[in-house]
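# A closer look at the structure
This is what each chain is made of:
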Amino acid sequence: MNVKIIGRKVTLRDNFKTLVSKKLSRFERIFDEDADATVTVTLERNRQTVEVTIQQRGMIYRAEATDFEMNDALDQVMQALGRQIRKNKSRLDKQIHSAALDDYIAQESLAPEEDETFEVVRTKHFAVKPMSVEEAILQMNLLGHQFFMFRNTENEEINVVYRRKDGNYGLLEPDEA
């Protein structure tokens, strides 16, 4: 697994980087060697935010935690990633090493959660109007939604704007896979 550690507004010590590598090594037997792990640590108002993103063959596994100590936030992120993997074990069997996944779950001595079925309870159809990103954000806010899909006038692609946890906005654009 290729590990990249980024510090934003904070200087990361070598012992933290070693700890990150040690904790991520728990997942190495599940993911391929070509998997990319990005760990981003951000300092905001005396609180440390640790975000871990693991990408492998088009699948993205991501967790984020904020705490006063970056080591505590790292522990929370690792637990969240473990929960994600256990929760979606049956769906992930085909995409990651299933034998290593079984070993990981057995070693962590945590039973996998019940298989959850995803049920679509409502399908909604609507016209996707061409508009700018700013217009889409305004429309989303007027509707009181957390996200809004639209056709971007700049590139004629279907895009999604969304409200982030920090109150800012994000834009999702399609990319060739």
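Residues numbered from 1 in each chain as written. Predicted model: local features only at pLDDT ≥ 70, side-chain atom pairs only at ≥ 80, totals over all residues. Heavy atoms only, no water.

- Taking an unreviewed UniProt entry as the reference, the chain is identified by name as Ribosome hibernation promoting factor belonging to Yeguia hominis.
- According to UniProt, the comment filed for the chain under the heading Function (unreviewed entry) is "Required for dimerization of active 70S ribosomes into 100S ribosomes in stationary phase; 100S ribosomes are translationally inactive and sometimes present during exponential growth."
- According to the UniProt record, the Sequence similarities (unreviewed entry) comment for the chain reads "Belongs to the HPF/YfiA ribosome-associated protein family. Long HPF subfamily." (UniProt positions renumbered as here; feature names shortened; annotations may be inferred.)

### As for the sheet that holds strand 6 (residues 147–152)
- Ordered by their spatial adjacency, four strands build an open sheet running 5-6-7-8, and the pairing between neighbours is mixed. Pairing within the sheet leaves two strands with one partner each, and these edge strands are strand 5 (130–131) and strand 8 (169–172).
- Bridge analysis of strand 5 against strand 6 gives two bridges, and the strand direction is parallel. Paired with Pro130 across the strands is Arg151, a residue of strand 6.
- Of the strands in this sheet, strand 5, strand 6, strand 7 (158–163) and strand 8 touch helix 5 (residues 133–143), which is tilted by about 150 degrees from strand 6. (Pairing = 2+ DSSP bridges. Helix = DSSP H or I, 4+ residues; strand = E, 2+ residues; numbered from the N terminus. Contact = heavy atoms within 4.5 Å. Axes fitted to C-alpha atoms, helices over the stretch in contact; angles between N-to-C directions.)

### A few points about the sheet that holds strand 1 (residues 2–8)
- An order of 1-2-3-4 is seen for the four strands of this open sheet, with the pairing classed as mixed. A single partner strand is all that each edge strand has here, and the edge strands are strand 1 and strand 4 (59–67). If you compare each strand with its neighbour and ignore which way they point, the axes differ by 10 degrees on average.
- Relative to strand 3 (residues 47–56), strand 2 (residues 36–44) runs antiparallel, the two sharing nine bridges. Paired with Thr40 across the bridge in strand 3 is Glu51.

### Structural notes on unusual backbone geometry
- Positive phi is not limited to glycine here, since Lys9 has a value of about 60 degrees.
- Examined against the element boundaries, Lys9 turns out to sit in the loop between strand 1 and helix 1 (14–24).
- Since its relative accessible area comes to 67%, Lys9 is described here as exposed. (Buried < 20%, exposed > 50% of the residue type's maximum accessible area, 1.4 Å probe, protein only.)

### Description of a negative patch on the surface
- Taken together, the side chains of Glu134, Glu135, Glu154, Glu156, Glu157, Glu173, Asp175 and Glu176 define an acidic patch exposed on the protein surface.
- Considering the arrangement of structural elements, one finds Glu157 in the loop between strand 6 and strand 7. (Patch = residues over 30% accessible without salt bridge, like charges linked within 9 Å, V, L, I, M, F, W, Y side chains within 5 Å. Areas by Shrake-Rupley, 256 points an atom, 1.4 Å probe, with all protein chains shown as cover. Salt bridge = Lys/Arg side-chain N within 4 Å of Asp/Glu carboxyl O. Lys, Arg positive; Asp, Glu negative; His and termini not counted. Charge placed at Lys NZ, Arg CZ, Asp CG, Glu CD.)

### Details of the packing of aromatic side chains
- Evaluation of the coordinates by the stated rule reveals zero aromatic pairs.
- Lying across the ring of Phe68, Arg47 places its NZ or CZ 4.8 Å from the centre. (Phe/Tyr/Trp six-rings, centres within 6.5 Å; stacked < 30°, edge-to-face > 60°. Lys NZ or Arg CZ within 6 Å of the ring centre and 35° of its normal.)

### Re a nonpolar patch on the surface
- Residues Phe126, Met149 and Ile158 make up a contiguous nonpolar surface patch of roughly 240 Å² in combined accessible area.
- By relative accessible area, Met149 is classed as partly exposed at 30%.

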